[in-house]
Amino acid sequence: MLREMSEQGPGYALLFEGLWSPGIGLVADLLAIARQRRPGREEERAGAVMLITSLSAFTATEPVSLAFLGWERLDGTRRDTVMVLARRLLDGLVGR
């Protein structure tokens, strides 16, 4: 499945639309609820991707992450967003 998603083969659209996008969307909504925020914010959507895939979200599975977020590429501002979220994840793991 990882190869199909990363190479965007014939099953990519089926897997993305039927599995990845709804699953990541659910986690994003749960994060928004837990943080007492309205669902649909970009920060919760990016946080869900990071939570599910950790840092591999922007390596081997980057096509899934970018497609879900609606990003063509990981530009400077969005890279900054990812770095902030990665730091938050790290802070949570070390109890800060």
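Predicted model only: the values in this text are computed from it and were never measured. (Residues numbered from 1 in each chain as written. Predicted model: local features only at pLDDT ≥ 70, side-chain atom pairs only at ≥ 80, totals over all residues. Heavy atoms only, no water.)

Caption draft 1: Structural detail: the environment of arginine 3. Here arginine 3 shows up in helix 1 (residues 2-7). Since its relative accessible area comes to 63%, arginine 3 is described here as exposed. Separated by 70 residues in the primary sequence, arginine 3 and arginine 73 have C-alpha atoms spaced 19 Å apart. (Helix = DSSP H or I, 4+ residues; strand = E, 2+ residues; numbered from the N terminus. Buried < 20%, exposed > 50% of the residue type's maximum accessible area, 1.4 Å probe, protein only.)

Caption draft 2: View of empty space enclosed by the protein. Applying the stated criterion across every chain yields a total of one cavity of 30 Å³ or more. Lining the largest cavity, in full, are Trp20, Ile24, Val49, Thr53, Thr61, Val64 and Ser65. Secondary structure elements with two or more residues in the lining of the largest cavity: helix 2 (12-34), helix 3 (42-53) and helix 4 (62-69). Per-class residue counts for the lining of the largest cavity are four nonpolar, three polar and no charged. (1 Å grid on protein atoms, 1.4 Å probe; cavity = no way out; pocket = protein on both sides within 12 Å on 5 of 7 lines; lining within 4 Å. Points joined across faces, edges and corners; volume = space filled by probe spheres on them. Nonpolar A, V, L, I, M, F, W, Y, C, P; charged D, E, K, R; others polar.)

Caption draft 3: Geometry of the pattern of salt bridges. Within this structure, the stated rule accounts for six salt bridges. Glutamate 44 is the salt-bridge partner of arginine 35, the closest N and O atoms lying 3.4 Å from each other. The exposure class assigned to arginine 35 is partly exposed, which follows from its relative accessible area of 34%. Salt bridges sharing partners connect three or more residues here, namely Arg35, Arg37, Arg41, Glu43, Glu44 and Arg88. (Salt bridge = Lys/Arg side-chain N within 4 Å of Asp/Glu carboxyl O.)

Caption draft 4: Focus on a nonpolar patch on the surface. On the surface, a cluster of nonpolar side chains totalling about 310 Å² of accessible area is made up of Leu26, Leu30 and Ile33. Mapping leucine 26 onto the fold places it in helix 2. (Patch = residues over 30% accessible without salt bridge, like charges linked within 9 Å, V, L, I, M, F, W, Y side chains within 5 Å. Areas by Shrake-Rupley, 256 points an atom, 1.4 Å probe, with all protein chains shown as cover.)

Caption draft 5: Structural context of helix 3. Over its 12 residues, helix 3 extends 17 Å from the first C-alpha to the last, a length consistent with the 16 Å expected when each residue adds 1.5 Å. Among the residues trailing helix 3, serine 54 stands out with phi positive, at a value near 55°. (Expected span 1.5 Å × (residues − 1).)

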